[in-house]
Every structure is written in structure tokens, then in C-alpha cells.
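# Observations on the three-dimensional arrangement
Residues per chain are reported as follows:
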Amino acid sequence: MFVKEQNSNDLIRVSLVDQLISPLESKVLGRRQAGEEEQDERLFDKSSLEFPSGEPFPQCWTDEQYQVR
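As a starting point, this report considers the structure included with it. (Residues numbered from 1 in each chain as written. Predicted model: local features only at pLDDT ≥ 70, side-chain atom pairs only at ≥ 80, totals over all residues. Heavy atoms only, no water.)

## A short note on the packing of aromatic side chains
Applying the stated criterion across every chain yields a total of three aromatic pairs. Between F57 and W61, the ring centres sit 5.5 Å apart and the planes meet at 40 degrees, which makes this aromatic pair tilted. You can call F57 buried: its relative accessible area is 10%. One aromatic cluster is present, formed by F51, F57 and W61 through successive ring pairs. (Phe/Tyr/Trp six-rings, centres within 6.5 Å; stacked < 30°, edge-to-face > 60°. Buried < 20%, exposed > 50% of the residue type's maximum accessible area, 1.4 Å probe, protein only.)

Next comes the structure, spelled out in C-alpha cells:
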């Protein structure tokens, strides 16, 4: 799945979608899609990512207490 980094507007290919949709995870493993060669995998802060359209992630992906509020 591809997401966008807010600061650079680079696309990030998320390696483990389970990390992305889990509200208990604050970082996701992915590869930056910039340049001609595939970049190395690294951790990205979920708070700095969004959908490629610019929409934020749903609260159930980012806030472990979303059902309590």
C-alpha cells in the first residue's frame, strides 16, 4: 500500500499494512519511492504520513483510545 509523507510529498510503500492500521503502532516499516532505485526499508512515523490524496488516516488507525471518546 502506498501512502504519502507530508513533509516531502514522497510516496512510501508500506511493507506491513498491519502496522499501518494498528492504533498501537506509532511507526511503520516502508520504502521511500524516490529516484530510480528502490530505497532501503526504514521506519516512518505514522504521524508524518497521510493518504496520497492528502487525506489524514482514520482515527481508528492512529488513536488507541478512539472508542472511549
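There's more to say after this.
## A closer look at the pairing of strand β2 (residues 11–14)
The side-chain alternation of β2 yields one buried face, formed by I12 and V14, and one unburied face, formed by L11 and R13. When β2 meets strand β3 (residues 27–32), the two strands line up antiparallel, connected through three bridges. The residue bridging V14 from the neighbouring strand is G30, located in β3. (Helix = DSSP H or I, 4+ residues; strand = E, 2+ residues; numbered from the N terminus. Pairing = 2+ DSSP bridges.)

## Notes on a nonpolar patch on the surface
Where nonpolar side chains cluster on the molecular surface, the patch consists of M1, V17 and I21 and spans about 220 Å² of accessible area. Within the fold, I21 resides in helix α1 (residues 17–21). Since its relative accessible area comes to 37%, I21 is described here as partly exposed. (Patch = residues over 30% accessible without salt bridge, like charges linked within 9 Å, V, L, I, M, F, W, Y side chains within 5 Å. Areas by Shrake-Rupley, 256 points an atom, 1.4 Å probe, with all protein chains shown as cover. Salt bridge = Lys/Arg side-chain N within 4 Å of Asp/Glu carboxyl O.)

## A closer look at the environment of E55
Inspection of the secondary structure puts E55 in the loop between β5 (49–50) and α2 (59–62). Considering only alpha carbons, one finds E55 and K4, 51 residues apart in sequence, at a separation of 9.7 Å. Polar contacts involving the side chain of E55 include one to the side chain of S53, which spans 3.1 Å. (Polar contact = N/O pair within 3.5 Å; in protein donor to acceptor, adjacent residues only side chain to side chain.)

That is the geometry; function is a separate question.
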